[in-house]
Amino acid sequence: MNMHMNDAQQVAMSFLIRQASLIEPTVYAIRYQDIQYPQLIPVDTSAPEWIQSVTYFSMDGVGQAQWFAGAAQDVPKVELTREKFETGVSMAAIGYGYNLEELGTAQLLGMNLSADKAQLARRIAEEKIDQVAFVGDTGKGFTGLVNASTPTATTAPADGTGSATTFASKTPDQVLRDINGQLTGMFTGTLGGEIADTLLMPYSVMLDLSTRRIDAVNQTTILEWIERNNIYTRTTGQPLTIRGVFGYLDTAGAGGTKRLVAYRRSPDVLKMHIPMPFRFLPAWQTGPMRFDVPGIFRLGGVDIRRPKAVRYLDGI
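Residues numbered from 1 in each chain as written. Predicted model: local features only at pLDDT ≥ 70, side-chain atom pairs only at ≥ 80, totals over all residues. Heavy atoms only, no water.

Q: Would you take a moment to explain the sheet that holds strand 10 (residues 270-273) for this structure?
A: What links the strands of a sheet is backbone hydrogen bonding, and the strands pair in either a parallel or an antiparallel sense. The strand order 1-10-15 describes an open sheet built from 3 strands, whose pairing is mixed. The sheet is open, and its two edges are formed by strand 1 (43-44) and strand 15 (302-304), each paired on a single side. Strand direction decides the pairing type here: strand 1 and strand 10, joined by 2 bridges, are parallel. Counterpart to valine 43 in the pairing with strand 10 is methionine 272. (Pairing = 2+ DSSP bridges. Helix = DSSP H or I, 4+ residues; strand = E, 2+ residues; numbered from the N terminus.)

Here's what the structure looks like:
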């Protein structure tokens, strides 16, 4: 009886290995449209897979060219300040499995195993990465794009209806002023060196701006008005990327208020380290009638390398 069970287990394992080789390429090819970090945060996978931490430098520079005589020696110089940071890298895991009965039934009926379990495992892994990318993980000491301590954070002017700060209480001109204030604040704060090309706001705020008209006559929405008249587009001729983010920004501001994030989306400004992207390990037998396929990935938090190129606006 034991020998028969061993044979059955070996056959089941062989069947699972063959099926996994068919399932996994399909699962890896899936792109989840509502997982936003790949489009909004530069990802760096260049570090060794098993590295324990990544060291980076936050840099800033000052200097000004001056008129200079040919016989002079005191050439004006730039000064570069660098602050060293280190972010840890940790491993997370999620997988799927089958029991002997499920594998035996599929073999008997000549059926391929469904990719549903593997797809769900990868989906959950992507959700975890998305969460760490935006809000970090307090247990690991990670901060995310929307709650880092180094960017400048300001509060929206309280000149809406009833002296409120929220966009919902303000006129289109006031909303555009507040948004342009973040873009120009970054521009002037870096002496023209940085200007935000990306704007993130709570999904509920973006929904309001995309449905509220300028006035009863004009059919243009406030969001369309902002897209055309923001200072980044007027300065560069390029469209400002505006995204509504669900959940992460609703309480990220001071006092649990809604937060707007303006930043330049470039790897020299910020990046997320994922030394080991999600992968499935070989199937293995975890019990008398149980077979599992583990999935693992290793990642760190979001490194904001140039804090002046990221700004927060709270109370919107």
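Q: I keep staring at the packing of helix 6 (residues 203-211) against helix 7 (residues 222-229) and nothing clicks. Help me out?
A: The description of two helices packed together rests on the angle between their axes and the distance between the axes. With their axes 5 Å apart at the nearest point, helix 6 and helix 7 run at an angle of 90° to one another. Between helix 6 and helix 7, the angle falls in the class roughly perpendicular. Across the interface between the two elements, Met206, Leu209 and Ser210 from helix 6 touch Ile222, Leu223 and Ile226 from helix 7. Partitioning the contact of helix 6 with helix 7 into residue classes produces 5 nonpolar, 1 polar and no charged. (Axes fitted to C-alpha atoms, helices over the stretch in contact; angles between N-to-C directions. Parallel < 35°, antiparallel > 145°, perpendicular 65-115°, else oblique. Contact = heavy atoms within 4.5 Å. Nonpolar A, V, L, I, M, F, W, Y, C, P; charged D, E, K, R; others polar.)

Q: Just to check I follow, could you spell out the pairing of strand 10 for this structure?
A: For a regular strand, the rule is simple: side chains alternate between the two faces of the sheet. Of the two faces of strand 10, both are covered, the one formed by Leu270 and Met272 as well as the one formed by Lys271 and His273. Bridging between strand 10 and strand 15 involves 3 bridges; their strand directions are antiparallel. By the bridge assignment for strand 15, leucine 270 is matched with isoleucine 304. (Buried < 20%, exposed > 50% of the residue type's maximum accessible area, 1.4 Å probe, protein only.)

Q: Would you explain unusual backbone geometry in this entry?
A: Only a minority of non-glycine residues have a phi that is not negative, and only a minority of peptide bonds are not trans. One non-glycine residue, serine 163, lies in the positive phi region at around 60°. Looking at the element boundaries, serine 163 is found in the loop between strand 6 (152-155) and helix 5 (172-189). The exposure class of serine 163 is exposed, given its relative accessible area of 54%.

Q: Help me understand a nonpolar patch on the surface in this model?
A: On the surface, a nonpolar cluster with roughly 350 Å² of combined accessible area is contributed by Leu108, Leu109 and Met111. Looking at the element boundaries, methionine 111 is found in the loop between helix 3 (100-109) and helix 4 (116-135). For methionine 111, a relative accessible area of 42% translates into the label partly exposed. (Patch = residues over 30% accessible without salt bridge, like charges linked within 9 Å, V, L, I, M, F, W, Y side chains within 5 Å. Areas by Shrake-Rupley, 256 points an atom, 1.4 Å probe, with all protein chains shown as cover. Salt bridge = Lys/Arg side-chain N within 4 Å of Asp/Glu carboxyl O.)

Q: Help me understand the packing of aromatic side chains, please; the structure alone is not making it clear to me.
A: Aromatic ring pairs are reported here in terms of the distance separating the ring centres and the angle at which the planes meet. Counted according to the given criterion, the structure contains 6 aromatic pairs. Taking the centre distance of 5.4 Å and the plane angle of 90° together, the rings of tyrosine 96 and phenylalanine 280 count as edge-to-face. With tyrosine 96 in strand 5 (residues 96-99) and phenylalanine 280 in strand 11 (residues 276-280), this residue pair connects regions lying 184 residues apart in the sequence. The buried category is assigned to tyrosine 96, whose relative accessible area is 7%. Looking at phenylalanine 280, the relative accessible area reads 8%, which means it is buried. (Phe/Tyr/Trp six-rings, centres within 6.5 Å; stacked < 30°, edge-to-face > 60°.)

Q: Is there a simple way to explain the side chain of glutamate 24 in this structure?
A: The topology assignment puts glutamate 24 in helix 1 (residues 2-29). Lacking a salt bridge, the buried glutamate 24 has arginine 279 as its closest oppositely charged neighbour, with an N-O distance of 9.3 Å. In contact with glutamate 24, other than residues within four places in its own chain, are Tyr96, Phe280 and Val293. (Lys, Arg positive; Asp, Glu negative; His and termini not counted.)

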